[in-house]
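# Geometric and topological summary
Listed below are the residues making up each chain.
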Number of protein chains: 2
Amino acid sequence: MKIITKVREMQSISQSMRAEGRIIVLVPTMGYFHEGHVTLMKRAKSLGDIVITSLFVNPTQFAPNEDFTKYPRDFGRDSEIAAGAGVDYLFSPEPDEMYPEGVYSKIIIGDIASKFEGVKRPGHFDGVATIVAKLFNATLPHIAVFGQKDYQQTLVIKRLVEDFLFNIKIVISPTVRQTDGLAMSSRNIYLSTIERSNADIIFKALNEATNAILNGEKRRKFINGIMHATLRTIPGLQIDYATSSDAYNFDEPEEFIPGQRIVLLIACYIGKTRLIDNALVTLPSSLSAKPEKFVEDIQ
Amino acid sequence: MKIITKVREMQSISQSMRAEGRIIVLVPTMGYFHEGHVTLMKRAKSLGDIVITSLFVNPTQFAPNEDFTKYPRDFGRDSEIAAGAGVDYLFSPEPDEMYPEGVYSKIIIGDIASKFEGVKRPGHFDGVATIVAKLFNATLPHIAVFGQKDYQQTLVIKRLVEDFLFNIKIVISPTVRQTDGLAMSSRNIYLSTIERSNADIIFKALNEATNAILNGEKRRKFINGIMHATLRTIPGLQIDYATSSDAYNFDEPEEFIPGQRIVLLIACYIGKTRLIDNALVTLPSSLSAKPEKFVEDIQ
């Protein structure tokens, strides 16, 4: 695995690879790799010839009150993990390589970026869309792989690609979970032992709501209420949002309709650590069977 | 010359050309070609192997009160002119091909986009930056050629390329003028005979200010005053702006400093027709010689 720090060198390598007909797959990350990242890298390897993992903690997607400086970093460990996962190029530029003129221009994504995380983290998705556009131009991939865990981000990225005509296929990879269902996240290290043992409540809340929907529940507020009630069994847990909406456009109807694809979205603080998770579920068209089902991820 | 209307087909052609090692040069236009466009196309031909001219009247760069629907169009004539100028591909998509989801995401360019034209045409440069980014992704050029006549636009495009790491070389081509100095423009057709004969005042104003600077004039307001006074000799001419600034960052100091590169910028209405023009000039470091010089363009 080669470590690349300069945009021009990365572009030059990618152009050569493209000229040779090799399929380039990008996995954009902010580092501090866990099993979720490794899964994305291996998925990438299965999709093309050359895997580029970018490692860049992007300052513009953190709000002023957020954890940019204390975001966990461990480059030595990350490069070992990436190499072990079959990554060909680890692209890890310094901030002044990605923002040589400072932060000047930016991409604004419309409505889907303004709900949920967009309310709680103003400017976050503009920062995400802007850096991902830059990473696309720096690495020139045919395919880019993102994790479903940041569900709203995946919709923002798909919108970015459609709206700016990037000829890049976006692949969404299912969330990787601990045994008890907690989604893998670089922020999990902040959890105390007791917080960690309580954190499985998020997965439980998603499953409760999922099963209600699979049993025919279509009233959005009722579905949301299930998640809230489940989360509130943990003292000190603070809910940012626990909500359901159309999985494609984030519409929030009074009642979902049979066959509608629904996303369940949770963001909450356990102690001082903010965690997010989500699940996808389709409201059944008929209820001949009443399946019990765990959280569904993108196939 | 082939006419391409679909983004996917254009991308596919460009990717094949790139794989063959051919240098692709893009000339983005809004059509209604005149000698200025032909000069850009020929310049493009001299810079690479394959010339793509895009012809797209971009709705998002017109303000609601502007002339989008009445912007002149003549596809038959345009395609003949382009073919005659050596263009290989005329890329002329319909609006729903460039904005398949409607207008959703956009690029915001910072400070340099907010002055001068940015004041008079709010949102104009966001529309320009957004469509040019899309055209870059649709045509995948190595080089793109723009006319100096839209000077502020050239700075916006350079900023777009730098900030989003597009690996594209931007070439600025000098303004093509009529015998009396009037800059070529698709909008010149709107001028009545008397307006047309008065319109050379813009070039005269640029030359008066240029010569003052070459003779050592460094007071910005005085330089601007020269342009205003010259323009005002034409009854009914309405000045939008006639101003001078640093040519690279649009700073507007009280006094320019020796060696500083200055841009003179004029926008005015002659009758109902809005015309713009500009000139570049360097404040001399010493005044051993006092040259008389016509409007200078980018070399």
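Computed from a predicted structure; not experimentally measured.

With that out of the way, let us pick up the overall build of chain A. What chain A contains, in helices and strands, is 10 helices and 10 strands. Here chain A has a C-alpha radius of gyration of 20 Å; the compact-globule value for 299 residues is 19 Å, and the two agree. Dimensions of chain A, computed from C-alpha atoms along their principal axes, come out at roughly 55 × 40 × 35 Å. Buried residues in chain A amount to 42% of all 299 residues. Long-range contacts, defined as pairs at least 24 residues apart, comprise 72% of the intrachain contacts of chain A with a sequence gap of at least 6.

Time to look at the interface of chain B and chain A. Across the boundary between the two partners, chain B contributes 24 residues, which contact 24 residues of chain A. Across the side of chain B that touches chain A, the residue classes break down as 13 nonpolar, five polar and six charged. Bridging between strand 5 (residues 106-108) of chain A and strand 5 (residues 106-108) of chain B involves three bridges; their strand directions are antiparallel. Its bridge partner being in strand 5 of chain B, Ile107(A) is matched across the sheet by Ile107(B).

Attention now goes to the environment of Thr210(A). With respect to the helices and strands, the residue Thr210(A) is situated in helix 9 (residues 201-214). Sequence-wise, Thr210(A) and Thr130(A) are 80 residues apart; in three dimensions their C-alpha atoms are separated by 33 Å.

Right, let's talk about the domain arrangement of chain A for a bit. All names here are of chain A. Entries for chain A in the domain assignment read domain 1 (2-173) and domain 2 (186-282). Averaged C-alpha coordinates put domain 1 and domain 2 at centres separated by 26 Å. At the junction of the two partners, domain 1 supplies 10 residues and domain 2 supplies 12 residues.

Now for the relation of the copies chain B and chain A. Aligned on chain A, chain B shows an RMSD of 0.0 Å; the corresponding rotation is 180° and the shift along the axis is 0.0 Å. Classification of the inter-copy transformation places it as that of a two-fold axis. Interface overlap between copies is the fraction of interface residues in one copy that are interface residues in the other; for chain B against chain A it reaches 100%, indicating a shared surface.

Residues and elements named next belong to chain A. Counting buried residues along strand 3 (residues 50-55), six of its six residues qualify, which places the element largely inside the surrounding structure. Along strand 3, one buried face is formed by Ile50, Ile52 and Ser54 and the opposite face, lined by Val51, Thr53 and Leu55, is buried too. Inspection of the sheet shows strand 2 (residues 24-29) paired to strand 3 by six bridges, in the parallel sense. The residue bridging valine 27 from the neighbouring strand is threonine 53, located in strand 3. Sheet analysis places strand 3 next to strand 4 (residues 89-91), joined by three bridges and oriented parallel. Directly across from serine 54, in strand 4, lies its bridge partner phenylalanine 91. Handedness of the crossover joining strand 3 and strand 4 through helix 3 (residues 75-84): right-handed.

Let us now look at the environment of Leu237(A). Residues and elements named next belong to chain A. With respect to the helices and strands, the residue leucine 237 is situated in strand 8 (residues 237-246). Each C-alpha atom of the pair leucine 237 and glutamine 153 lies 24 Å from the other, and the pair is 84 residues apart in sequence. Not counting chain neighbours up to four residues away, the residues in contact with leucine 237 comprise Ile201, Leu231, Cys268 and Ile270.

Residues and elements named next belong to chain A. Between its terminal C-alpha atoms helix 10 (residues 220-231) stretches 17 Å, which fits the 16 Å expected from 12 residues at 1.5 Å a residue. Turning to helix 10, its buried residues are Ile223, Ile226, Met227, Thr230 and Leu231. The buried residues of helix 10 occupy an angular sector of 125° when the element is viewed end-on, so they sit on one face. Buried residues along helix 10 sit against helix 9, strand 8 and strand 9 (261-270).

Our focus in this paragraph is the pairing of strand 2 (residues 24-29) of chain B. For strand 2 of chain B, the buried fraction is high: six of the six residues fall into the buried class. Of the two faces of strand 2 of chain B, the one holding Ile24(B), Leu26(B) and Pro28(B) and the one holding Val25(B), Val27(B) and Thr29(B) are both buried throughout.

The subject of this paragraph is the packing of helix 9 (residues 201-214) of chain B against helix 10 (residues 220-231) of chain B. Packed helices, taken two at a time, are described by their axes: the angle between them and the distance between them. All names here are of chain B. Following both chains from N to C, one finds helix 9 and helix 10 inclined at 150°, their axes separated by 8 Å at the closest point. Regarding the angle of helix 9 to helix 10, the classification is roughly antiparallel. You can see that helix 9 and helix 10 cross each other, and the crossing is right-handed. From helix 9, Ile201, Lys204, Ala205, Glu208, Ala209, Ala212 and Ile213 reach across to helix 10, where they touch Ile223, Ile226, Met227, Thr230 and Leu231.

Attention now goes to the sheet that holds strand 10 (residues 273-282) of chain B. All names here are of chain B. Read across the open sheet, the three strands follow the order 8-9-10; overall the sheet is antiparallel. Strands at the two margins of the open sheet, each flanked by one partner only, are strand 8 (237-246) and strand 10. Taking the axes of each pair of neighbouring strands and ignoring which way they run, one obtains an average angle of 10° across the sheet. The strands touched by helix 9 are strand 8, strand 9 (261-270) and strand 10; relative to strand 10, the strand with the most contacts, the crossing angle is about 20°.

This part covers the sheet that holds strand 1 (residues 2-4) of chain B. All names here are of chain B. One open sheet holds the six strands; their spatial order is 1-4-3-2-6-7, and the pairing between them is parallel. Each edge of the open sheet is held by one strand with a lone partner, namely strand 1 and strand 7 (169-173). Adjacent strand axes in the sheet meet at a mean angle of 25° when their direction is disregarded. Two strands pair when backbone bridges link them, and strand 6 (residues 143-147) and strand 7 are joined in this way by five bridges, in the parallel orientation.

Here chain A averages 94 in pLDDT, and 96% of its residues register 70 or above. Here the complex is predicted with pTM 0.93, and the ipTM for its interfaces comes to 0.91.

Parameters and conventions
Residues numbered from 1 in each chain as written. Chains lettered and ligands numbered in written order. Predicted model: local features only at pLDDT ≥ 70, side-chain atom pairs only at ≥ 80, totals over all residues. Helix = DSSP H or I, 4+ residues; strand = E, 2+ residues; numbered from the N terminus. Rg over C-alpha atoms; globule rule 2.2 N^0.38 Å. Buried ≥ 20, exposed ≤ 12 C-beta atoms within 10 Å, placed from the backbone. Contact = placed C-beta atoms within 7 Å. Nonpolar A, V, L, I, M, F, W, Y, C, P; charged D, E, K, R; others polar. Pairing = 2+ DSSP bridges. Domains from an automatic or database assignment. Least-squares fit on C-alpha atoms with pLDDT ≥ 70 in both. Right-handed = clockwise from strand over helix to strand, strands pointing away. Expected span 1.5 Å × (residues − 1). Arc of directions from axis to C-beta. Axes fitted to C-alpha atoms, helices over the stretch in contact; angles between N-to-C directions. Parallel < 35°, antiparallel > 145°, perpendicular 65-115°, else oblique. Left-handed = near helix turned anticlockwise from the far one by under 90°. pLDDT = per-residue confidence, 0-100.

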